[in-house]
Each structure stands twice: as structure tokens, then as C-alpha cells.
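Chain by chain, the residues:
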Amino acid sequence: MDSLLEEAGASSEAVDLSRGDQKEDENERLEEPVAPASQEMGCCGCADEPSSKVEPTTPDSQGSPSNYSDQIFVKDRSCTDFLAIIVVLVLAGGSIFMMTNVVKKGDIYRVINGIDDCGNVCGRVTSHESDPKFACKGADHTRKPYLEIDIEANGVKQRRCVANCTVDENKRLFLNRCIHKKVTETLNSIIRGLRLDSFYNDAVTDLGIAWLELIYLLLIALALSLGILVAFRYMVQYVIYVVLIGAVLACIGGTTYLWLAWYREKKSTDKGEIDPEDSSVEPYLIYAIIMSVVAVIVLLVILVMRKRIELVMHLFREAGKAVYSMPALLFQPIYTYLLIGFTVVAWVYCMLWIESAGDIYLNKKGHIRFKKDGLLIATRWYNLFLFFVACEFYLGCQHMVVACAVARWFFTRDKKRLSLPVAKGFGYLIRYHMGTVAFGALIIGVVRVIRAMISFVQNHLKQYDNAFVKGILWCCQCCLWCFECALKFLTRNAYIETAIYGCNFCTGGKKAFQVLSSNILRVAAINSVGDFVLFLGKVLVVTLTVVSGIYLMQVQKKEGLNHPWIPITLAGIIAFLVAHCFISIYEMIIDTIFICFCEDCEKNDGINRPYFMSRGLMEFVENSKKALRQLEQQGAT
């Protein structure tokens, strides 16, 4: 009820302000210079039109509220980072060219079915080669679908296609290959030792029996996730208080326990009950000192950031209001992860083609093999790079749509007049900001592929005992991982600035860095307390879903189940994915509201230029008392 009164009061204040100054505002709009068409269409940076950008000024320099433009969220936009989307399209075209070369030189069944020593694909008809030295290539093995590999005494592998693995009693069929019985017996002994000999069949049977209960658990996880979002709006303060009190008690209790343990150990050593060489006095002392320092730091951080922690609570409430006003936001992860799943399948399919491709040649043993040239090796990394870019692009599109919708909602005084914010946010993305998302995806994709290359080098260096080189590569990997995390965080906030002002990626990144650096304590509170509360929400959804699964499977005694924990575990995994989808959107909404709050504080003063924020957030502004008094006076009149 209070929130409804707040929104009604804010809308009535906006109407009162606009009625007296409507004519003056209209006259000012008519007198504003119109930008040339080239400036409107050709600019790929922030829109600088007078009607869409508010310059920060002091209250003394303004005679009345009608002297400023009551708009922060830019509606008159132009394209941003158009060159980046062109680069992505060119890269996609290059991928098509490279895959055409791969298809000419490859055959996906070489990987799936395997090839013999003459390069013939098992279970297929292989084409002939014009070169006489490859005369044995071109056999019809449609009746020999399995590949048999033998290792001779000198270590040479012999490959041939066979009709059946059971001809040789020492071979067993595995993934279209005839594997030696010793290998399969070793695997079977391990499986039997772990009591997994019938695990696969039992698991399939259990899932077939409990499929209806799994659907129920999926619906339970969905309902719990929605309930968690509602609880974040109304009861988040209690959750945060429990988290903070638990952290303080854990630090104090751990410190007290370690000091008491040190005291008891030292006392026993002094009395001669424990041999000094076997004593743990020094380790206990070190642990107690470290824990004491951690406890002091935690207490100081909580004391210093107590006002920022209250801001986190209000941000959660505002995020709940945004979700209630725009429920379509909750469906964004569904489209995103469907696209990512399709991209994963396409990447695996392309990788199978790439690994099967190569130029034919004879090795030293006279066997036909296929060797990759430089272009095919480059295609392997090129395909991985495009996969990273595509995934980051899909996530970036989701972030941009959410940021546009939430920013438009935040900077609209009368929320009831807001129509289709999510659809319009999607329209802003398609029409103006695809290039900005592509720019961010390209940068993150480059960093991720460099990390993949370093991991590839690390795996190949495992056979060499060079600790110095391994240490350097490990440090590079660690630094790149930290850089990637920071880059993703900055990129998300750059998307939010782009969603507000319609600026390009570099300008948005600069604005985001300035906002984050000037509000570093607030950012720390949001990323520590806020993220931990969101994590607790995921844990709660998974726990309640698993408990419900135990009740359905065991308490109700579902008949026919061999291993009840199998469907319960699967239900827990599904619950985590469902909770992650919803709560990740909530995290982006909170970040967007925080950036909008900072921009509102910077552009407005609450007196001559009324804030867009709610009364709850207004308490965290320096001149909040004056602003609230001004609102009360305007409401009284």
C-alpha cells in the first residue's frame, strides 16, 4: 500500500509541475534548433540533441523547474558501433568460406565410423583417388561398419574395417570400434568395483517410472523461483540481516575457538602433558591471528558499509517493482539459452567436420592418413572464436533488452502510462544497438580464445618437466581470467549506459567506469551482499525442490524405483538451472536500477529538478531531506 501511495504521489507531483509550465516548455521546444539529417543519421555516438540530453547545472543557475528538459532516458537515438556488426557479419562470412574448404577436404564419418589404413570409411563407400600411390583408397565397406585397431609388437597400429567384432573373442564393440578385451575387462572390472554394472539400465528405468514426478518437481522449482523473486521485494531485509549476523557470529565464534584452542594447547605444553615437538601451539597461534584480522576486517566493513547495505535492500525492492510492472522480463533467459543450446550443437557439428578434414598423404609405414594444413588448423581456432562471440552476443542482447526496459521504466514518472517497455527495448536493440553488443562480444571473445590457446599449450607441456614455463603460463592464465571477469562486469554496465543515453560502447564504458569508481563502496556492497543473497535464493530453490523430491519418491514410496536418488538429483540440477535463469535476470535489473539511481543523482537535485527515483531511494541522497520537504510542500499545495 505504501508503494502505491508513493507512486501515486510521484505521478501527481509530476502532473502539478507540468501543468503550470506546459506552455513555456512547448515554446522552448519550438525554439530549439533542429539537427541536420546527416547529424541525426550519421552519428554513432551519444545523441547530443537538446531535447534528449540534460546537462548538469547547479540550482542557482536555474530560475525555475521549467528551464530544464525533464528527460534523461534518450528516445531520439542513432546507430551505435555500426562497424562492429559489419565485422561480425564479415567473420560469419569467413566462417562459411572456411567451412566450405573443410567440407571439400573432410568427411564427418571419418570421425564417427573411423577409417582403415587405406583411408576407407567403415560402413561407407569411399571415392577413389587419381594418384596411383593411393590406389587402395576407394573400397566399398558398407558391409563392414566397424573399425578394428590392432597394435603390433613394434607399436605400429593396424586399422581395418570388419563386419563383426564377435569373430575375434578378444574384442568387444565400443563406439563403433572393436576394442581389445583386456581394455574392456579393465573397464568392466572398474564398473563392477564401483557397482555401476547395471547403473545405466537402472537409471533409464527409474527416469521412465518417475517422469511425472519430475514434471511436478519442475513446476515446483518454477513456483519457488517466482516466490523467491516476490520475497526479495518484501522480505529481503530479513534475509540480509540474517546473512550479516551469521557472518559476524561465525567470525567471532571462529576467533574465540582458535584462541581457546591455542590457550589449551599452550597450557598442556607448559605442564609437560604434550611433547613440544608434537605441539600445535604455533599453528593455532597463526590461525588465531589470521582469524582475528579477518573478524576485525568484516566488522569494520559492515560498520562502514551499513548505509550501503540499506541501499542494497531498497534496490531489491525496486527490482521487485520492476518485475511486477514488466513480467515479460522473466522470459528473456528462455530465448537466450535456447539460442546458446542451438549454437553449441552447431559448434560440435562443425568441429566434427574440421577434425575429419585434411590433405591425404602416406605416412612412414605406408598407411594413408589425412594431415591438416595451416588453414584447417586456423579454422579450428576460428570456429572456437566464433562460438565464444556468438554466446557472448546472445547474453549481451539479453542484457541490452533488460537494461533498456528497466531504464525506461525508472525514468518514467507515471509508471501507469508505460506501454510495452520490453518490446520497445527489443526494438531499440535491433534498430540501434546491435553494433554495441557485437563490440562487447568481440572483445570478450578475443580474451576467451587467448585463454583457450594458453590452456592448449599447457596441456601439451604436461609431458615436459619445465616448472618455470608452466609457472609463467599459469600466471598468464590467472591474469587473463581476472581480466575477463572485470571486462564482463564493465561490459554489462556499459550496456546499461548505452541503454540510457544511446551512446556507443566506448563512451558507455567510460561513463560506467566513472559511475562505478565514484560509488565504489556501493558497488562493493551490491556485489558482496547482493550477490550472496541471490546465491542463497538459488540454494533455497534447489533445497526445497530436493526435499519435495524426497517426499514424492521415498515418503510416498514410489514403486519400482531402483535408485530414488537419480531422479531426485536430476530434479535438483533442473531446479538450479531454473533458479539461475530467473535470478540472473534479477541481478541485471538491480545493476540497471543502481546505474539509473547514480545518473539520477548526478543530473537532478530534487528541488529545481525533481528526482525520478522513489522516496525510498531518495533517502540515500545527500540533499534528501530538502528534496522530501519539497515534495511534501508540492503535494500539500
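Here, residues in each chain are numbered from 1, in the same order as that chain's written sequence. For a predicted model such as this one, the threshold for reporting local features is a pLDDT of at least 70, and the threshold for listing and counting side-chain atom pairs is 80 or more; totals across whole chains, interfaces and linings nevertheless cover every residue. Water and hydrogen atoms play no part in the side-chain values, which are based on all heavy atoms of the structure.

A.B. asks: Tell me about the overall build of the protein, and please be specific about residues and values.
C.D. replies: Secondary structure assignment for the protein yields 19 helices and six strands. Three exposure classes are used, based on accessible area relative to the maximum for each residue type with a 1.4 Å probe and protein chains only: buried under 20%, partly exposed in between, and exposed over 50%. For the protein, the residues scored as buried account for 42% of the 637 residues in total. A contact between two residues is defined here by any heavy atoms of the two lying within 4.5 Å. Taking all contacts inside the protein whose residues are at least 6 apart in sequence as the whole, residues at least 24 apart take part in 71%. Using the Shrake-Rupley algorithm and a 1.4 Å probe, accessible areas are obtained, with residue cover drawn only from the displayed protein chains. Total accessible area on the protein is roughly 35000 Å²; 64% of this is exposed by carbon and sulfur atoms. Segments assigned H or I by DSSP are reported as helices when at least four residues long, segments assigned E as strands when at least two residues long, and all are numbered from the N terminus.

A.B. asks: I'd like a description of the state of the cysteines, backed by residues and values.
C.D. replies: For this text, the term disulfide refers to a pair of cysteine sulfurs within 2.5 Å. As enumerated under the stated definition, the model contains one disulfide in all. Paired through a disulfide, Cys 122 and Cys 161 show a sulfur-sulfur distance of 2.0 Å. Across the S-S bond of Cys 122 and Cys 161 the torsion is about -80°, and the bridge reads as left-handed. With Cys 122 in the loop between α4 (109–112) and β1 (146–151) and Cys 161 in strand β2 (residues 157–162), the pair connects residues that are 39 residues apart, well separated along the chain. Both residues of the pair, Cys 122 and Cys 161, count as buried. Free cysteine Cys 485: the closest other cysteine sulfur is in Cys 482, separated by 6.6 Å. For Cys 485, a relative accessible area of 36% corresponds to the partly exposed category.

A.B. asks: Hey, could you go over empty space enclosed by the protein for me, with residue numbers and the actual values?
C.D. replies: In this approach a probe as big as a water molecule rolls over the atoms, and the regions it shows empty are the leftover space. Whether a set of points on the 1 Å grid over the protein atoms alone is a cavity depends on a 1.4 Å probe fitting there but being unable to get out, while an open set qualifies as a pocket with protein on both sides within 12 Å along at least five of seven lines; lining residues are those with an atom within 4 Å of a point. Grid points are joined across faces, edges and corners, and a volume is the space filled by probe spheres set on the points. Summed over all chains, the structure comprises three cavities of 30 Å³ or more. Counting residues per element, the ones that place at least two in the lining of the second largest cavity are α14 (467–501), α16 (520–555) and α17 (565–603). Of all the elements, α16 adds the most residues to the lining of the second largest cavity, at three residues. For this scheme, ten residues count as nonpolar: Ala, Val, Leu, Ile, Met, Phe, Trp, Tyr, Cys and Pro. Four count as charged, namely Asp, Glu, Lys and Arg, and the remainder, Gly too, count as polar. Of the residues in the lining of the second largest cavity, the class split is five nonpolar, two polar and one charged.

A.B. asks: I'd like to hear about the packing of helix α8 (residues 236–270) against helix α10 (residues 306–325), residue by residue, with values.
C.D. replies: Relative to each other, α8 and α10 sit at 145°, their axes nearing to 9 Å. Here α8 and α10 pass one another in a crossing that is right-handed. Where α8 abuts α10, its residues Val 236, Gln 237, Ile 240, Tyr 241 and Leu 244 lie against Ile 309, Val 312, Met 313, Phe 316 and Arg 317. Residues of the contact of α8 with α10, tallied by class, amount to eight nonpolar, one polar and one charged. Only the stretch in contact is used when fitting a helix axis, every axis being a line fitted to C-alpha atoms; angles between N-to-C directions are given from 0 to 180 degrees. In this scheme, a crossing is called left-handed if the near helix is turned counterclockwise away from the far one by less than a right angle; it is called right-handed if the turn is clockwise.

A.B. asks: I'd like to hear about the packing of aromatic side chains, residue by residue, with values.
C.D. replies: Aromatic rings from Phe, Tyr and Trp, taking only the six-membered ring of Trp, are treated as a pair when their centres fall within 6.5 Å; an angle between ring planes under 30 degrees marks them as stacked, one over 60 as edge-to-face, and anything in between as tilted. Across all of its chains, the model carries 14 aromatic pairs by this definition. Through pairs of rings, three or more aromatic residues link up here, namely Phe 73, Tyr 428 and Tyr 432. Cation over ring: Arg 77 sits above Tyr 428, and NZ or CZ is 4.7 Å from the ring centre. Only when the NZ atom of a Lys or the CZ atom of an Arg is both within 6 Å of the ring centre and within 35 degrees of the ring normal do we say a charge sits over the ring. The lysine or arginine in question, Arg 110, covers the ring of Phe 370, its NZ or CZ lying 3.8 Å from the ring centre.

A.B. asks: Tell me about the nonpolar core, residues and numbers included.
C.D. replies: Most often, soluble globular proteins keep nonpolar side chains buried together rather than apart. Buried residues of nine kinds, namely Ala, Val, Leu, Ile, Met, Phe, Trp, Tyr and Cys, make up a nonpolar core once their side-chain atoms join them within 4.5 Å. Formed by 102 residues in total, the largest nonpolar core has its most connected members in Phe 410 and Ile 589. The residues contacting Phe 410, other than those within four sequence positions of it, are Lys 415, Ile 593, Cys 596, Phe 597, Asp 600, Phe 612, Met 613 and Leu 617.

A.B. asks: Explain the confidence of the model for the protein to me, using residue names and the numbers behind them.
C.D. replies: The score called pLDDT rates the predictor's confidence residue by residue, from a low of 0 to a high of 100. Mean pLDDT over the protein: 79, with 78% of residues reaching 70 or higher. Across the protein, the secondary-structure element scoring lowest on mean pLDDT is helix α2 (residues 37–42), at 36, and the one scoring highest is helix α12 (residues 374–410), at 94. Contacts of residues 1–68 to residues separated by more than four positions or lying in other chains number 84 contacts, the stretch itself having pLDDT below 50.

A.B. asks: Run through α12, naming residues and quoting values.
C.D. replies: For a helix, the expected span equals 1.5 Å multiplied by the residue count minus one. Along its 37 residues, α12 runs 53 Å from first to last C-alpha, staying within 8% of the 54 Å computed at 1.5 Å per residue. The element α12 is largely enclosed, with a buried count of 30 among its 37 residues.

A.B. asks: An account of the pattern of salt bridges is needed here, citing residue identities and associated values.
C.D. replies: Pairing is possible between side chains that carry opposite charge, provided their charged atoms lie close to one another. The salt bridge criterion pairs a side-chain nitrogen of Lys or Arg with a carboxyl oxygen of Asp or Glu, the two atoms within 4 Å. If you walk through the whole model with that rule in mind, you get 14 salt bridges. The partner of Lys 488 in a salt bridge is Glu 484, and the shortest N-O contact between them spans 3.3 Å. Placement of the pair is Lys 488 and Glu 484 together in helix α14, with a separation of four residues, close to one helical turn. What you see here is one network of salt bridges that share partners, running through Glu 392, Arg 448, Arg 451, Glu 484 and Lys 488.

A.B. asks: If you had to explain the environment of Met 553 to someone new, which residues and values would you point to?
C.D. replies: With respect to the helices and strands, Met 553 occurs in helix α16. Met 553 sits in the buried class, given a relative accessible area of 2%. The spatial distance from the C-alpha of Met 553 to the C-alpha of Glu 213 is 8.0 Å, given a sequence separation of 340 residues.

A.B. asks: Outline the pairing of strand β5 (residues 359–362), supporting the account with residue identities and numerical values.
C.D. replies: Criterion used throughout: strands pair if DSSP finds at least two bridges between them. Judged from the four bridges that link them, β5 and strand β6 (residues 368–371) form a sheet pairing that is antiparallel. Paired with Asp 359 across the strands is Lys 371, a residue of β6. In textbook terms, the turn of a hairpin is the stretch between consecutive antiparallel strands, and for β5 and β6 this stretch comprises five residues, one of which, Gly 366, has a positive phi near 85°.

A.B. asks: Go over a nonpolar patch on the surface with me, naming the residues and quoting the values.
C.D. replies: A contiguous nonpolar patch, built from Trp 211, Leu 212, Ile 215, Tyr 216, Leu 219, Leu 222 and Leu 226 and spanning about 640 Å² of accessible area, is present on the exposed surface. Taking the relative accessible area as the measure of exposure, Leu 226 reaches 36% and is therefore partly exposed. Note on patches: the residues involved have over 30% relative accessible area and no salt bridge, like charges join within 9 Å, and the nonpolar side chains Val, Leu, Ile, Met, Phe, Trp and Tyr join within 5 Å.

A.B. asks: Before we move on, can you summarise the packing of α10 against α17 with the specific residues and values?
C.D. replies: Running from N to C, α10 and α17 point in directions that differ by 110°, and their axes come no closer than 9 Å. Accordingly, the angle class assigned to the pair α10 and α17 is roughly perpendicular. Both α10 and α17 take part in a crossing whose hand is right-handed. Listed contacts from α17 to Leu 311, Leu 315, Phe 316, Glu 318, Ala 319, Gly 320, Ala 322 and Val 323 of α10 are Tyr 586, Ile 589, Ile 590, Ile 593, Phe 594 and Phe 597. Residues that form the contact of α10 with α17 fall into these classes: 12 nonpolar, one polar and one charged. Angle categories: roughly parallel below 35 degrees, roughly antiparallel above 145, roughly perpendicular from 65 to 115, and oblique for all the rest.

A.B. asks: Just give me the short version of the environment of Cys 404, but keep the residues and values in it.
C.D. replies: Topologically, Cys 404 is positioned in helix α12. Taking relative accessible area as the criterion, Cys 404 reaches 1% and is therefore assigned buried. Considering only alpha carbons, one finds Cys 404 and Ala 423, 19 residues apart in sequence, at a separation of 9.8 Å. Excluding its chain neighbours within four sequence positions, the residues that come into contact with Cys 404 are Phe 73, Gly 425, Tyr 428 and Ala 499.

A.B. asks: Which residues make up unusual backbone geometry, and what values do they have?
C.D. replies: Phi at Asp 81 is positive, roughly 50°, even though this residue is not glycine. Within the secondary structure layout, Asp 81 lies in the loop between α2 and α3 (82–105). Despite not being glycine, Leu 420 has its phi angle at roughly 50°, a positive value. By secondary structure assignment, the location of Leu 420 is in the loop between α12 and α13 (421–460).

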